[in-house]
Amino acid sequence: MTEALVNTYTNTNDIQLIRMEYVDKTAHLSTQPNSLNELIDLIYQAFATNDVDIDYVSTIMNNYKGNMKEWLPYMKFQPNKYTRNLVNGGNGKFNLMILCWAEGQGSSIHDHTNSHCFMKCLQGSLIETKYAWPNDENKEEQMRIISRTELKEGQVTYINDTIGLHRVENPSHTDTCATLHLYVPPYSQCNIFDERTGRTNEAHVTFYSKGGQLTKNE
Ligand SMILES: [Fe+2]
């Protein structure tokens, strides 16, 4: 579904009909990428139009197995903060990246700037905590947790702003974790939230590396 459709169609039957329509549009594409490059090719083909077929993209992300050799150029860990490493910029339509979480590292609670966010755990495991949007921006209130889920190696999850906010963390103090993220469209700014008060701040998101090369941002 496109973001506009996510916001416009609230009736479940409407959403099902729209999904069927988009599934038909991607029916000619393979659902089995056998390498990172094949996955990237399929994502480009899937986004040949401006529609985003959430089910199809989740399927190919799920079916992609890959291996450490393919991820190694983007596996860059830092002791003080998780790193974002751009794999492919998708001609401005999407960003595919690998996030590297050292032991115990996690993100802030954040939104996704009206983008679709697909996330696959490549190595290790993660905890994803989903939160509801704060009810009243003028009132300080503890943020409400919707769910807390473990994302194990090979699993895929999806979020957008209509579903809520989330925080992602590597709960292990002995193992690192790596995740593959697909953002459609790409964004460079998001909102982060204070769990205790619901207060929000804008945050710039930057890349630690692009195409395997360190950037000067961090
Ligand atoms: Fe996120």
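Just above, that's the structure.
Residues numbered from 1 in each chain as written. Predicted model: local features only at pLDDT ≥ 70, side-chain atom pairs only at ≥ 80, totals over all residues.

*Asks:* Explain helix α4 (residues 54-63) to me, please; I cannot follow it from the model alone.
*Replies:* In an α-helix there are 3.6 residues to a turn, and that puts residues three or four apart on one side. All of the buried residues along α4 are Tyr56, Val57, Ile60 and Met61. The buried residues of α4 occupy one face: seen down the axis, they fall within an arc of 130°. (Buried ≥ 20, exposed ≤ 12 C-beta atoms within 10 Å, placed from the backbone. Helix = DSSP H or I, 4+ residues; strand = E, 2+ residues; numbered from the N terminus. Arc of directions from axis to C-beta.)

*Asks:* What exactly am I supposed to notice about the environment of Glu70 here?
*Replies:* Turning to its location among the elements, Glu70 is positioned in helix α5 (residues 68-71). Linking Glu70 and Ser35, residues 35 residues apart in sequence, is a C-alpha distance of 7.9 Å. What Glu70 contacts, discounting residues up to four positions off in sequence, is Ser35 and Leu36. (Contact = placed C-beta atoms within 7 Å.)

*Asks:* I keep staring at helix α3 (residues 36-46) and nothing clicks. Help me out?
*Replies:* Taken together, the buried positions of α3 are occupied by Leu36, Leu39, Leu42, Ile43 and Ala46. Down the axis, α3 shows its buried residues gathered within 120° of arc, on one side only. In this structure, the buried residues of α3 make contact with α4, α5, β2 (95-101) and β9 (177-184).

*Asks:* Looking at this structure, I do not really get the pairing of strand β10 (residues 189-193). What am I missing?
*Replies:* Where a strand is regular, its side chains alternate between the two sheet faces. Across two bridges, the pairing between strand β3 (residues 109-110) and β10 is antiparallel. When the sheet's bridge partners are listed, His110 is paired in β10 with Ile192. The sheet contact formed by β10 and strand β11 (residues 200-204) spans five bridges and is antiparallel. Counterpart to Phe193 in the pairing with β11 is Thr200. The antiparallel pairing of β10 with β11 creates a hairpin that spans six residues between the two strands, and Gly198 there sits at a positive phi of about 80°. (Pairing = 2+ DSSP bridges.)

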